[in-house]
Amino acid sequence: MALAFLADKNISYFTIPVAFVAALWPRSFSAFQGPGQKYFDPAHPRTFASRLEKSDLDKETVAKILRAEAASANGFEGLPIFAAAIVAGNSSGLSNTALNSLSIAYVLSRFVYNYVYIFLGGNRNLAGLRTPVWFAGIGSAFALFIKAGLAKL
């Protein structure tokens, strides 16, 4: 079976740093490369958005960079929930299959979320796709919590 690797070894703890990279990637896109790099001040990183809004960049570019910043912030906001869910799942003795499939689903949802938010978010007809993608990711983390709780009843 193609997905048999999910049961072999528990890789769920390794997905936490991958989720961190998924949260950091939009910041690298917005501030450390491309047109936003010129306006990012490492001494005052929280002024990035206001510096962008005063920049000479076109509105569409500024909007895309600001969406990348928002995607990054959203990733970091969800990271503690995900990490706690991984710990809860492991400490309750969930199966490798459950731990691996749900943690991988979360990480994949974060990369998809970033793409949808940054590159499709400017299109009002497609911007709404980010909500179901977000729910898929947070749902994976909540599923770990629920499974962990049920395992300890």
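Before reading further, recall that the structure is shown in the block above.
Note that the coordinates shown come from a computational prediction; the quantities given were computed from them, not determined experimentally.

Novice: Help me out: how do you make sense of the packing of aromatic side chains in this one?
Specialist: How two aromatic rings sit relative to each other is set out by the distance from centre to centre and by the angle between their planes. Evaluation of the coordinates by the stated rule reveals nine aromatic pairs. Measuring from centroid to centroid gives 4.1 Å for Phe82 and Tyr106, while their planes differ by 5 degrees, and the two rings are stacked. Of this pair, Phe82 sits in helix α4 (residues 59-91) while Tyr106 sits in helix α5 (residues 96-120), and the two are 24 residues apart along the sequence. A residue is classified by how much of its surface remains accessible, and Tyr106, at 4% relative accessible area, is buried. Aromatic pair Tyr115 and Phe119: ring centres 5.2 Å apart, planes at 40 degrees, arrangement tilted. Placement of the pair is Tyr115 and Phe119 together in helix α5, with a separation of four residues, close to one helical turn. Residue Tyr115 is classed as partly exposed on the basis of its relative accessible area, which comes to 46%. Under the relative-accessibility criterion, Phe119 is labelled partly exposed at 33%.

Novice: Mind showing me how you'd approach the packing of helix α2 (residues 15-31) against α4 here?
Specialist: Axis angle and axis distance: for two packed helices, these are the angle between their axes and the distance between the axes, and together they describe the pair. Packing of α2 against α4 brings their axes to within 8 Å, and their N-to-C directions diverge by 170 degrees. It follows that α2 is roughly antiparallel to α4 by the angle criterion. As α2 packs across α4, the resulting crossing turns out to be left-handed. For the pair α2 and α4, the contacting residues are Thr15, Ile16, Ala19, Phe20, Ala23, Leu24, Pro26, Arg27, Phe29, Ser30 and Ala31 in the first and Lys64, Ile65, Ala68, Glu69, Ala71, Ser72, Gly75, Phe76, Leu79, Phe82, Ala83 and Ile86 in the second. When the residues that make up the contact of α2 with α4 are grouped by side-chain class, the tally is 16 nonpolar, four polar and three charged.

Novice: Looking at this structure, I do not really get the nonpolar core. What am I missing?
Specialist: Ala19, Leu79, Phe82, Ala85, Ile86, Leu94, Leu99, Leu102, Tyr106, Val107, Ala141 and Leu144 form the largest nonpolar core, which has 12 residues in total. Where this core is concerned, the elements lending two or more residues are α4, α5 and α7 (130-151). Leaving out residues up to four positions away in the same chain, Ala85 has contacts with Ala141, Leu144 and Phe145. By size, the runner-up hydrophobic cluster in this structure holds seven residues, among which are Ala31, Phe40, Leu52 and Val62.

Novice: Would you mind showing me how to read α2 here?
Specialist: Along an α-helix, a turn takes 3.6 residues, which lines up residues three or four apart on a common side. Compared with the 24 Å implied by 1.5 Å per residue over 17 residues, the 25 Å span of α2 between its first and last C-alpha is a close match. The axis of α2 is deflected most strongly, by about 30 degrees, at Leu24, and proline Pro26 appears within four residues downstream. Every buried residue of α2 is listed here: Thr15, Ala19, Ala22, Ala23, Pro26, Arg27, Ser30 and Ala31. Tucked inside the fold, the buried residues of α2 contact α3 (48-53), α4 and α5.

Novice: Could you clarify how one ought to interpret the pattern of salt bridges in this entry?
Specialist: Two side chains that carry opposite charge are able to pair once their charged atoms sit near each other. In the structure shown here, the tally under the stated rule is one salt bridge. Between Glu69 and Arg27 there is a salt bridge, and its shortest N-O distance comes to 2.6 Å. Here Glu69 is found in helix α4, whereas its partner Arg27 is found in helix α2, with 42 residues between them in sequence.

Reading the values: rules and limits
- Sequence order sets the numbering: in each chain, residues are counted from 1 along the sequence as written.
- Local features in a predicted model are, by the rule used here, given only for residues with pLDDT of at least 70; side-chain atom pairs are given and counted only at 80 or more, and totals for whole chains, interfaces and linings are based on all residues.
- Only heavy atoms go into the side-chain values, all of them from the structure, while hydrogens and water stay out.
- Two aromatic rings from Phe, Tyr or Trp, using only the six-membered ring of Trp, form a pair when their centres are within 6.5 Å; if the ring planes differ by under 30 degrees the pair is stacked, by over 60 it is edge-to-face, and anything between is tilted.
- The helix and strand labels rest on DSSP assignments: H or I over at least four residues marks a helix, E over at least two residues marks a strand, and numbering proceeds from the N terminus.
- In this scheme, a residue with accessible area under 20% of its type's maximum is buried, one over 50% is exposed, and one in between is partly exposed, where area comes from a 1.4 Å probe on protein chains only.
- Structural elements are reduced to axes, namely lines fitted to C-alpha atoms, with helices fitted over the stretch in contact, and the angle between N-to-C directions of any two is expressed from 0 to 180 degrees.
- Should an angle fall under 35 degrees it is called roughly parallel, over 145 degrees roughly antiparallel, and 65 to 115 degrees roughly perpendicular, with every other angle called oblique.
- Crossing handedness follows the turn of the near helix against the far one: under a right angle anticlockwise gives a left-handed crossing, and clockwise gives a right-handed one.
- We call two residues contacting when some pair of their heavy atoms lies within 4.5 Å.
- Throughout, the ten residues Ala, Val, Leu, Ile, Met, Phe, Trp, Tyr, Cys and Pro are labelled nonpolar, Asp, Glu, Lys and Arg are labelled charged, and all others, Gly among them, are labelled polar.
- Think of a nonpolar core as a cluster: buried Ala, Val, Leu, Ile, Met, Phe, Trp, Tyr and Cys residues, connected wherever their side-chain atoms sit within 4.5 Å.
- Expected span of a helix, by definition, is 1.5 Å for each gap between consecutive residues, and there is one gap fewer than residues.
- The angle between axes fitted to the seven residues ending at a residue and the seven residues starting there is what we call the bend at that residue.
- Salt bridge, as used here: a side-chain nitrogen of Lys or Arg that lies within 4 Å of a carboxyl oxygen of Asp or Glu.

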